[in-house]
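Working through the structure, step by step
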Amino acid sequence: MKRMLIQNKQIAIIGGGPGGLTLAKLLQLKGSNVKVYERDVDKDARVQGSPLDMHEESGSAALRKANLFDEFTKNALIGADKKIVVNKNAEICFSDHEAQSAEAQNNTPIRLEISRGVLRKILLESLQPETVVWNSHYVSMEKQNEGWLMHFKNGSSAYADIVVAADGANSRIRPYITNTRAFYSGITMVEINVYDAEKATPHIYALLNGGKVMAFGNSKCILGGQKGNGDLGFYLSFKADENRVATNGLDYSDKAQLLTWFKKEYAEWSSTWYELFENSAAPFIPRPIYCMPLDQTWETLPNLTMLGDAAHVMPPFAGEGANTAMLDALELSEYLTSGRYNTLQEAISAYEINMRKRAAMAAQASLANGERMHSAGALEKMLAVFGRK
């Protein structure tokens, strides 16, 4: 039987992000017993970030296999992937808006984006009732019989024969598998969220025109775009020492203080950008960017593995994070149910070998993009990437 390896076994997925929920759906389609343990109190607890660009060979492929691609396309944000590249004065140097409009009119394939919250809703509603156990903040686990006894912050415990860590970059399960830790990429980002952006930041809202913006100057960036509900999300992105955001004395809930900081750090940038600081939501969120070593390896365990950021956190400069996690879910579900392996350990090992190889390539591309985007002459280099000399 093809499901012999996981037949009659309880599978626990720690973390209800895109990767964890995709894996749960795919395993349920195979007839598996699976629970997702999510730290959020309920489905509405999390503030969702910027839209996700689903890549055909990864995120979209996983959604197709999960029989959710039609639902995805119904809820896709048409035109959200159109972009402009501007200089530090917010002057447009490249735009693909006209090309995107032509593609839409001709019904030619375009890369579709979807709100994170909407994608999560689609995945959640596709699962069997009570698959997700909310308010389950993982604390620890120990071996019990042939599996694991997991403990949660709310005082509850649960047993599983197989555990999959999908609990993100700061995974508390990863140390059970390997001591290898992520390294600092040299780049820090500061997240800015703007609610009701058409009123709050009208000039920048008009500049984006429903799409994304990439601004380059003085080896620094501002990256931003629509969230699908009238809100905007932005990231100030710059090279800095690893602990700079923690030791610079800034109060990230003080917009006036952050504007003063911006005027100093982005000294040659136009006052057009001040609107972001004056009318955005506080607090801002500093995010040092990390990456797992490209050559990481570990000894495979017979009943414990990981996917997504827990396995291979990487910078966001290639748009591969969620896509790679969803492809991990697709491949892990196939390895566990293909019938090609004699033991769970063999199946997990084959998955992990291929997953590490794929993730290393994606991380390498992301690191290279990050260096390009924060280098001298970044504007010209990025324009060349988009075909403009």
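First things first, this report covers the structure right here in the doc. (Residues numbered from 1 in each chain as written. Predicted model: local features only at pLDDT ≥ 70, side-chain atom pairs only at ≥ 80, totals over all residues. Heavy atoms only, no water.)

**Considering the overall build of the chain**
- Secondary structure assignment for the chain yields 14 helices and 17 strands.
- Here the chain has a C-alpha radius of gyration of 22 Å; the compact-globule value for 389 residues is 21 Å, and the two agree.
- On the principal axes, the C-alpha backbone points of the chain span a range of 65 × 55 × 35 Å.
- Counting all 389 residues of the chain, 52% fall into the buried class.
- As presented, the chain carries roughly 17800 Å² of accessible surface, and 48% of it is formed by carbon and sulfur atoms.
- Each charge class in the chain can be summarised by its mean position, and for the 42 positive and 44 negative side chains these summaries are 2 Å apart. (Helix = DSSP H or I, 4+ residues; strand = E, 2+ residues; numbered from the N terminus. Rg over C-alpha atoms; globule rule 2.2 N^0.38 Å. Buried < 20%, exposed > 50% of the residue type's maximum accessible area, 1.4 Å probe, protein only. Areas by Shrake-Rupley, 256 points an atom, 1.4 Å probe, with all protein chains shown as cover. Lys, Arg positive; Asp, Glu negative; His and termini not counted. Charge placed at Lys NZ, Arg CZ, Asp CG, Glu CD.)

**Quick notes on the nonpolar core**
- Counting 66 residues, the largest nonpolar core has Met 150 and Val 163 as its most contacted members.
- Looking at this core, the element that brings in the most residues is helix H12 (residues 321-337), giving eight residues.
- Leave out the neighbours within four places in its chain, and Val 163 touches Ala 12, Ile 14, Met 141, Trp 148, Met 150, Ile 173, Asn 303, Leu 304 and Thr 305.
- Ala 90, Ile 222, Leu 232 and Phe 277 belong to the second-largest nonpolar core, a separate cluster that totals 33 residues. (Core = buried A, V, L, I, M, F, W, Y, C linked by side-chain atoms within 4.5 Å. Contact = heavy atoms within 4.5 Å.)

**Concerning the side chain of Gln 296**
- Structurally, Gln 296 is set in the loop between strand S16 (281-291) and strand S17 (304-306).
- With a relative accessible area of 10%, Gln 296 lands in the buried category.
- A distance of 2.8 Å separates a polar atom in the side chain of Gln 296 from a polar atom in the side chain of Arg 174. (Polar contact = N/O pair within 3.5 Å; in protein donor to acceptor, adjacent residues only side chain to side chain.)

**Looking at the pattern of salt bridges**
- All chains considered together, the criterion is met by 14 salt bridges.
- The partner of Arg 120 in a salt bridge is Glu 38, and the shortest N-O contact between them spans 3.9 Å. Placement of the pair is Arg 120 in helix H5 (residues 116-126) and Glu 38 in the loop between strand S2 (33-37) and strand S3 (52-53), with a sequence separation of 82 residues.
- Residue Lys 239 pairs with Glu 371 through a salt bridge whose shortest N-O separation is 2.9 Å. Residue Lys 239 is found in strand S15 (residues 232-239), and its partner Glu 371 is found in helix H13 (residues 344-373); the two are separated by 132 residues along the sequence.
- Overall, Lys 239 belongs to the partly exposed group, its relative accessible area being 40%.
- Take Glu 371: its relative accessible area is 38%, and that puts it in the partly exposed class.
- Linked through salt bridges whose partners overlap, the residues forming this network are Lys 30, Lys 65 and Glu 334. (Salt bridge = Lys/Arg side-chain N within 4 Å of Asp/Glu carboxyl O.)

**Some remarks on the pairing of strand S10 (residues 157-160)**
- Only one face of S10 is buried: it carries Ala 158 and Ala 160, and the other face, with Ser 157 and Tyr 159, is open.
- The sheet contact formed by strand S9 (residues 147-152) and S10 spans four bridges and is antiparallel. If you follow His 151 over to S10, its bridge partner there is Ser 157.
- The hairpin formed by S9 and S10 contains four residues between the paired strands, and Gly 155 there has a positive phi angle of roughly 95°. (Pairing = 2+ DSSP bridges.)

**What about the pairing of strand S8 (residues 138-144)?**
- Here S8 pairs with S9 via six bridges, running antiparallel. Pairing of Met 141 across the sheet is with Met 150, part of S9.

**Quick word on the sheet that holds S10**
- Pairing is antiparallel across the open sheet formed by three strands, whose spatial order is S8-S9-S10. Bordering the open sheet on either side are S8 and S10, each of which pairs with just one other strand. Pairwise comparison of adjacent strand axes, ignoring direction, gives a mean angle of 25° for this sheet. (Axes fitted to C-alpha atoms, helices over the stretch in contact; angles between N-to-C directions.)

**Re unusual backbone geometry**
- Note the cis peptide between Ala 282 and Pro 283, where omega equals 0°.
- Mapped onto the elements of the fold, Pro 283 is located in strand S16.
- Of note, the phi angle at Asn 8 is positive, near 65°, even though the residue is not glycine.
- Mapping Asn 8 onto the fold places it in the segment before strand S1 (10-14).

**What to know about H12**
- For H12, spanning 17 residues, the distance from its first C-alpha to its last is 25 Å, which sits close to the expected 24 Å at 1.5 Å a residue.
- Judged by how many residues are buried, H12 sits mostly within the fold: 15 of 17 residues are covered.
- Among the residues trailing H12, Gly 339 stands out with phi positive, at a value near 80°. (Expected span 1.5 Å × (residues − 1).)

**Considerations on the sheet that holds S16**
- Ordered by their spatial adjacency, seven strands build an open sheet running S5-S4-S13-S14-S15-S12-S16, and the pairing between neighbours is mixed. Of all the strands in the sheet, the pair left with one neighbour each is strand S5 (92-95) and S16. Each strand of the sheet is rotated relative to its neighbour by a mean of 20°, with strand direction disregarded.
- Of the strand pairs in this sheet, strand S4 (residues 83-87) and strand S13 (residues 212-217) are connected by five bridges, and their pairing is parallel. Note on S13: the bridge partner recorded for Val 85 is Met 214.
- Contacts from H13 reach strand S12 (183-194), S13, strand S14 (220-226), S15 and S16, with the element oriented near 70° to S12.

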